[in-house]
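Here are the chains, one letter per residue:
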Amino acid sequence: MLRLVFIPIVLLMGCAGPGSNIFNFIPQKSYSEYLVEFNSCTGKGTLKSKGSLKGKFPFSFRSQRDSTFLEFSDPIGRKALLVWISNNSITARNLIDNKQYQYDEVTELLPVLKVLEPRDITQVIWGAQPNFKEKFKAIPQPLRDNIVLDFHKKNIPDEKQALVGMHYYEENAKNSIEIDIGVRKRNKEFLNMKKVWRLLKY
């Protein structure tokens, strides 16, 4: 059931793959600039996946500084997966099977982490472009040539031409992941992240 895992992986205007350039799009604000102005970020989105991961899963998110919490529901509306992202790690809990997953187990199901670091996902949640150029260049050429990573912008409530989505495709493995953020709100208020962190504990 871990196939419900988020693939926060995320979202700009650009493309990684043969003959393409993923580093041209520049967002209106950087992640650090958002952190000066706001203390937290909340919202909702949808994950669509094909290949080894199949389905369409709505999720909500709460983020504060370098910590992000995502809550995924299965197709019939049950809370199915909780994901906690910190600066350099990801922890997930499958609520249906009552099973905890650590970083290595999660990355096996989230191939986009071949290109993005956990902190990059948080930056996308906030609507900022992560700098993953060096990690992408470090990927072996044969694999790099089979990866496509597109980031998207669109108008959402309270934000025009926001960075809201990502499509990851790995041709050899036929894995496809699409993230779409429908609602995002940056807040002056702080969140109680300890409360949601306790949800990941048995």
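Residues numbered from 1 in each chain as written. Predicted model: local features only at pLDDT ≥ 70, side-chain atom pairs only at ≥ 80, totals over all residues. Heavy atoms only, no water.

J.: It is not clear to me how the environment of isoleucine 121 should be interpreted in this structure. Could you clarify?
T.: Residue placement: isoleucine 121 occurs in helix α3 (residues 118-126). Expressed as a C-alpha distance, the spacing of isoleucine 121 and asparagine 87, which sit 34 residues apart in the sequence, is 9.5 Å. (Helix = DSSP H or I, 4+ residues; strand = E, 2+ residues; numbered from the N terminus.)

J.: Looking at this model, I keep getting lost on unusual backbone geometry. Mind explaining?
T.: Peptide bonds are trans in most cases, and residues, glycine excluded, mostly fall at negative phi. You will see that arginine 65, though not glycine, has its phi angle at about 55°, which is positive. Considering the arrangement of structural elements, one finds arginine 65 in the loop between β3 (55-64) and β4 (67-73). Not every positive phi belongs to a glycine, and aspartate 158 is a case in point at roughly 70°. With respect to the helices and strands, the residue aspartate 158 is situated in the loop between β8 (147-156) and β9 (159-170). For aspartate 158, a relative accessible area of 81% puts it in the exposed group. (Buried < 20%, exposed > 50% of the residue type's maximum accessible area, 1.4 Å probe, protein only.)

J.: Which parts of the structure should I look at to understand a positive patch on the surface?
T.: Together, Arg62, Lys194, Lys195 and Arg198 give the surface a local cluster of positive charge. At three residues, helix α6 (residues 193-198) tops the list of elements feeding residues into the positive patch. For lysine 195, the position within the fold is in helix α6. For lysine 195, a relative accessible area of 53% translates into the label exposed. (Patch = residues over 30% accessible without salt bridge, like charges linked within 9 Å, V, L, I, M, F, W, Y side chains within 5 Å. Areas by Shrake-Rupley, 256 points an atom, 1.4 Å probe, with all protein chains shown as cover. Salt bridge = Lys/Arg side-chain N within 4 Å of Asp/Glu carboxyl O. Lys, Arg positive; Asp, Glu negative; His and termini not counted. Charge placed at Lys NZ, Arg CZ, Asp CG, Glu CD.)

J.: So what exactly am I meant to see when it comes to the nonpolar core here?
T.: Nonpolar side chains tend toward joint burial in soluble globular proteins. Formed by 41 residues in total, the largest nonpolar core has its most connected members in Leu70, Phe72, Val83, Val115, Leu149, Met166 and Tyr168. Formed by six residues, the second largest nonpolar core is a distinct cluster that contains Phe69, Leu82, Trp84 and Met193. (Core = buried A, V, L, I, M, F, W, Y, C linked by side-chain atoms within 4.5 Å.)

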